[in-house]
Amino acid sequence: QVQLVESGGGLVQAGGSLRLSCAASGQTFSLNTMSWFRQAPGKEREFVAGITASNGYTYYTDSVKGRFTISRDNGKNTVYLQMNSLKPEDTAVYYCAVSRTAGKLTRAGQYNYWGQGTQVTVSS
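Residues numbered from 1 in each chain as written. Predicted model: local features only at pLDDT ≥ 70, side-chain atom pairs only at ≥ 80, totals over all residues. Heavy atoms only, no water.

Novice: Quick rundown of unusual backbone geometry? Include the residues and the values.
Specialist: Across the chain, the bulk of peptide bonds are trans and the bulk of non-glycine residues have phi less than zero. At asparagine 77, a residue that is not glycine, the phi angle is positive and equals roughly 50 degrees. For asparagine 77, the location among the structural elements is in the loop between strand E7 (68–73) and strand E8 (78–83). Residue serine 85 is not a glycine yet carries a positive backbone phi of 50 degrees. Residue position: serine 85 is located in the loop between E8 and strand E9 (92–98). Residue serine 85 is classed as partly exposed on the basis of its relative accessible area, which comes to 42%. (Helix = DSSP H or I, 4+ residues; strand = E, 2+ residues; numbered from the N terminus. Buried < 20%, exposed > 50% of the residue type's maximum accessible area, 1.4 Å probe, protein only.)

Novice: A description of the pattern of salt bridges should follow, citing residues and the corresponding values.
Specialist: A side chain with one charge may pair with a side chain of the opposite charge, provided their charged atoms come close. On inspection of all chains with the given rule, the structure shows four salt bridges. Notably, a salt bridge pairs aspartate 62 with lysine 65, separated by 3.0 Å at the nearest N-O pair. Connected via shared salt-bridge partners are Arg38, Glu46, Arg67 and Asp90. (Salt bridge = Lys/Arg side-chain N within 4 Å of Asp/Glu carboxyl O.)

Novice: Would you mind going over the side chain of arginine 38 in detail, with residue names and values included?
Specialist: Tracing the chain through its elements places arginine 38 in strand E4 (residues 34–39). For arginine 38, a relative accessible area of 5% gives the class buried. Within the structure, arginine 38 has its side chain in polar contact with the side chain of glutamate 46 (distance 2.6 Å). One polar contact links arginine 38 to aspartate 90, side chain to side chain, over a distance of 3.0 Å. (Polar contact = N/O pair within 3.5 Å; in protein donor to acceptor, adjacent residues only side chain to side chain.)

Novice: Any details on the packing of aromatic side chains? Residues and values, ideally.
Specialist: Evaluation of the coordinates by the stated rule reveals six aromatic pairs. Ring centres of phenylalanine 47 and tyrosine 59 lie 5.2 Å apart, and the angle between their planes is 15 degrees; this geometry places the pair in the stacked category. Of this pair, phenylalanine 47 sits in strand E5 (residues 46–51) while tyrosine 59 sits in strand E6 (residues 58–60), and the two are twelve residues apart along the sequence. Take tyrosine 59: its relative accessible area is 4%, and that puts it in the buried class. (Phe/Tyr/Trp six-rings, centres within 6.5 Å; stacked < 30°, edge-to-face > 60°.)

Everything listed here is a matter of coordinates, which is why it stays silent on function.
Laid out in structure tokens, this is it:
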């Protein structure tokens, strides 16, 4: 099993920045692609950003390209999401997700482990 603990959420004004962290523990040898998803009230959970394990390839949903940056520290089994130029529409609970599978994965069903979620609120 793998446990994921997220931190870094909070309240920020539009245009501000936040950095989310997600630390993995347990059977970390099985970790592969790591990603962030988010879920706003009344909406489905959506993919935000992902990073592969082998070569650190990063990919993003269109709405956050140029504003968010995902990175990972394999030595610390931690993935980060730097969020800049935040907008009110970025308000959501953000979830860290880890897959045992390699590749560019964007569907929630492709991930094996999930964090508890951290609230990000952007005020206008």
